[in-house]
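The lines below spell out each chain.
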Amino acid sequence: MSLEWFKSSTERAIEKVVANKLEQLIDTPVEHTCKAKLFLNVKLVNDTLIIVLLNGEIINKAGATEQDFQDVLNARSIEDVMSIVTSSKVKEERIAHEAEVRRVKALQQGIKLLADLPDFDVVDNVVYLTGTSRSLPQLLVEKFVEVADRVYSEGTPKYMHEKLNRDEEYLSLKRFFMWCCLNPRAEVANELYGFLTENSFRITKQGFFVALRNVVTLHGSPELVHFISNAYNKVKAVWKKNPDHYTIFLENGEYKLVHDSALVTIHKVTSDDCPECNGAGGWYNEDCEEYSEYSEDDSEECWEDCENCDGTGVVEEYTYTVDVPVDHGQRIGGLTELYLDLPNRAENRFTDDWTKTFDIRIGQLTSMPKEDCNWSTQDCMAAGLHFTADQIHYVGCGDQSVLVLINPMKVVGIGTHKGRCYEYLPIMTVPREEATGILHDLAFDTLALDESYAIKELESLTEKVQEGFTVEASKHEFNLPTLSSKELRAIVASLDEMKAEISKRIVTID
Ligand SMILES: [Zn+2]
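All chains use their own residue numbering, which begins from 1 and follows the written sequence. Local features in a predicted model are, by the rule used here, given only for residues with pLDDT of at least 70; side-chain atom pairs are given and counted only at 80 or more, and totals for whole chains, interfaces and linings are based on all residues. To obtain the side-chain values, all non-hydrogen atoms of the structure were used and water was disregarded.

What to know about the overall build of the chain
Note the cut-off: Only DSSP runs of H or I with at least four residues qualify as helices, and only runs of E with at least two residues qualify as strands; both kinds are numbered from the N terminus onward. In this scheme, a residue with accessible area under 20% of its type's maximum is buried, one over 50% is exposed, and one in between is partly exposed, where area comes from a 1.4 Å probe on protein chains only. Residue contacts are defined here by distance: any two heavy atoms, one from each residue, within 4.5 Å place the two residues in contact. Accessible areas in this description were obtained via Shrake-Rupley with a 1.4 Å probe; residue shielding takes into account the shown protein chains only.
Looking only at helices and strands, the chain has 12 helices and 21 strands in total. Expressed as a percentage of the 510 residues in the chain, the buried residues total 42%. Contacts in the chain between residues at least 24 apart in sequence constitute 67% of all its contacts with a sequence separation of at least 6. For the chain, the accessible surface area stands at approximately 28100 Å², while carbon and sulfur atoms represent 52% of it.

As structure tokens, then:
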């Protein structure tokens, strides 16, 4: 009865209805008497005009109107029919052209909006992130305009710069492009955003992107790896909660996730026992000379009355609470500690299907020498670690899909549906049934996934960038456009602001 159920069952119902209609259409004899007997049948299903010609051939025209349908009925020749079908195509093209003109106008307006902000430099309608020399691709400009527009509509244009720089979507786009600029290949800055949008990839708050790939399971039973990595990332991305407050237990052969608040139950106890002497009324003084460990009779001289209850052991009735541990089965460990320890677990071992040589573990970087990767726009047959968002069925064979974080700086190739990089961080195994849907599901918020990866990526970033440019330049005889040291300093300083922000957030998170 969930929303998901309603979605899928309606979809099936619609499919079935359309299929029935089509069947009837082809089976039943002519419903409309057509003057010239130009076709066997014509029908308008939703906005699709279906014409069955005398020879049985079927013409489908999407985006047709009731008027098109009437015109076809009244047509005098097959040429008339064809021209109706094509004219609606012309109309479509005109509508598309008008939409494009409106879009370009809106874009120019939007660029003016960006030009007023200190984060952007606009030169001859070309937009740059301040301090960088690579122009923003049009699709990314449009996205920035959209975000700026949204934030403008939320309040006064005053302090716009500050407001935008607190907006998660804005920050993720800005950082994403900075990481792109640090890639020695200018194509990445130019094309990666379009490729990611086209293929439904998701960008994280620190500017990385989330992708999928397949791997081969080496160990027989990675159930705990699945459970830990899914629980850890979904607690963050779906529930927006801190994984520190969860514990994993094994009960009746099943793993379960328990929040701190469910580890104990609070019991109320009512008592009139004196809390000082636990109701005994007093105690034996063990320092007393006659005190004997073995005989109470021998120690009688050493008895001291409790002052709190005057030796009665009883006080006025009072209530207090005790924490009683709840039995959840065998405690496996805290969720965060288990996740961080994943690379050390023997059952967390995967490899790639193609070479069977990579040591792939959830929570540990997988990489290959960047010198061995070449830039190319091919989907397949090129060196590099492959990734995808939507085309999981052909990103390396294997029995297991994994979700990976990728730094745009480390992308080495962009194809049509697949990309290649020289390093990625596998963060979670993905259940088969979720492999095609998880990156489309807005309930799975990727903005929250990348904090510790970001900290690692910022370590000695300047050196890493310089090395990347040197390696890439060594592969070519011509000179690649380089990054000026001033530009590099500006980008690294800006990305470095993440560190303070992340540590602030980790403390305040619930
Ligand atoms: Zn007492």
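Okay, back to it.
Digging into the environment of V430
Among the structural elements, V430 can be located in strand β21 (residues 423-430). Judged by its relative accessible area of 2%, V430 is buried. Along the backbone, V430 and N214 are 216 residues apart, and their C-alpha atoms lie at a distance of 9.5 Å. Setting aside its immediate chain neighbours within four residues, V430 contacts L212, Q400, S401, V402, L403, A435 and I438.

Considerations on a negative patch on the surface
Test applied: Patch definition: residues with relative accessible area over 30% and no salt bridge; like charges joined within 9 Å; nonpolar side chains (Val, Leu, Ile, Met, Phe, Trp, Tyr) joined within 5 Å. A side-chain nitrogen of Lys or Arg and a carboxyl oxygen of Asp or Glu constitute a salt bridge if their distance falls within 4 Å. Just so you know, the count uses Lys and Arg for positive and Asp and Glu for negative, and it drops His and the chain ends. All charge positions are set by atom: Lys at NZ, Arg at CZ, Asp at CG, Glu at CD.
A surface patch of like charges, here negative, comprises E289, E290, E296, D297, D298, E300 and E301. Mapping E301 onto the fold places it in the loop between β11 (282-284) and β12 (303-305).

Thoughts on the side chain of K143
Applied cut-off: As used in this structure description, the phrase polar contact means that two N or O atoms lie within 3.5 Å; if the pair is within protein, one of them must be able to donate a hydrogen and the other to accept it, and residues adjacent in sequence are counted only when both atoms belong to side chains.
Locating K143 in the fold gives a position in helix α4 (residues 138-153). Side chain to side chain, K143 and E169 meet in a polar contact 3.4 Å long. In contact with K143, other than residues within four places in its own chain, are E169, L173 and Y193.

Side note on the pattern of salt bridges
Counted by the stated rule, this structure contains 12 salt bridges. For the salt bridge of K174 with D119, the shortest nitrogen-to-oxygen distance reads 3.3 Å. Here K174 is found in helix α6 (residues 168-181), whereas its partner D119 is found in the loop between α3 (78-115) and β4 (120-123), with 55 residues between them in sequence. The two residues K174 and D119 agree in class, both being buried. The salt bridge partner of K410 is E423, with a shortest N-O separation of 2.6 Å. You can see K410 sitting in the loop between β18 (400-406) and β19 (411-414) and its partner E423 sitting in strand β21, a full 13 residues away along the chain.

Let's talk about the sheet that holds strand β17 (residues 385-387)
For clarity, the cut-off: Strands are labelled as partners when DSSP assigns at least two bridges between them. The convention used is that axes are lines fitted to C-alpha atoms, helices contributing only their stretch in contact, and that angles between N-to-C directions extend from 0 to 180 degrees.
Pairing within the open sheet is antiparallel, and its three strands lie in the order β17-β20-β19. Single-partner strands in this sheet number two, and they are β17 and β19. Averaged over all pairs of adjacent strands, the angle between strand axes in this sheet comes to 25 degrees, irrespective of strand direction. In this sheet, strand β20 (residues 419-421) lies alongside β19 in antiparallel orientation, the contact comprising three bridges. Considered in β20, the bridge of V411 is made with C421.

Some thoughts on the state of the cysteines
Note the following rule: Note on disulfides: each one is a pair of cysteine sulfur atoms within 2.5 Å.
Scanning the entire structure with this criterion turns up one disulfide. The partner cysteine of C288 in its disulfide is C302, sulfur to sulfur 2.1 Å. The chirality of the disulfide connecting C288 with C302 is left-handed, given an S-S dihedral of about -60 degrees. Taken together, the positions of C288 in the loop between β11 and β12 and C302 in the loop between β11 and β12 put the pair 14 residues apart, joining distant regions of the chain. Across this residue pair, the class does not change: C288 and C302 are buried.

So, the packing of aromatic side chains
Stated precisely, the cut-off is as follows: Two rings from Phe, Tyr or Trp (for Trp, the six-membered ring) form a pair when their centres sit within 6.5 Å of each other. Planes less than 30 degrees apart are called stacked, planes more than 60 degrees apart edge-to-face, and all others tilted.
Following the criterion strictly, the structure yields 15 aromatic pairs and no others. Plain terms: the ring middles of F120 and Y170 are 6.5 Å apart, the flat faces sit at 75 degrees to each other, and that makes the pair edge-to-face. Placement of the pair is F120 in strand β4 and Y170 in helix α6, with a sequence separation of 50 residues. The same class applies to F120 and to Y170, which are both buried. Through a chain of ring-to-ring contacts, three or more aromatic side chains come together here, namely F195, F201, F209 and F387.

Here we look at the coordination of the zinc ion
Each donor-metal-donor angle in an ideal tetrahedron of four donors is 109.5 degrees, and each such angle in an ideal octahedron of six donors is either 90 or 180 degrees. Definition in use: Metal coordination here is assigned from N, O and S atoms located within 2.8 Å of the ion, or within 3.2 Å for Na, K and Ca; omission of water means that sites may look incomplete.
At this site the zinc ion is bound by C274 (SG), C277 (SG), C306 (SG) and C309 (SG), with donor distances of 2.3 Å. On the accessibility criterion, C309 (6% relative accessible area) is buried.

Describing helix α10 (residues 451-458)
Two residues of an α-helix separated by three or four positions point the same way, owing to the 3.6 residues in each turn. What counts is decided by this rule: Working note: the arc is built from the helix axis to C-beta atom directions.
Here α10 has its buried residues at E451, Y453, A454, E457 and L458. The buried residues of α10 occupy an angular sector of 155 degrees when projected down its axis, which confines them to one face. Of the residues flanking the end of α10, it is S460, one or two places downstream, whose phi is positive at about 35 degrees.

Considerations on the sheet that holds strand β14 (residues 330-334)
Taken in spatial order, the three strands make up an open sheet running β9-β8-β14, and their pairing is antiparallel. Where the open sheet ends on each side, the last strands, each with one partner, are β9 (254-259) and β14. The average angle at which neighbouring strand axes cross in this sheet is 30 degrees, direction not considered. Two elements, strand β8 (residues 246-251) and β14, share four bridges in a ladder whose sense is antiparallel. Note that in β14 the partner of I248 across the bridge is G333. Here helix α8 (residues 223-237) sits on the sheet and contacts β8, β9 and β14; the angle it forms with β9, its principal contact strand, is near 25 degrees.

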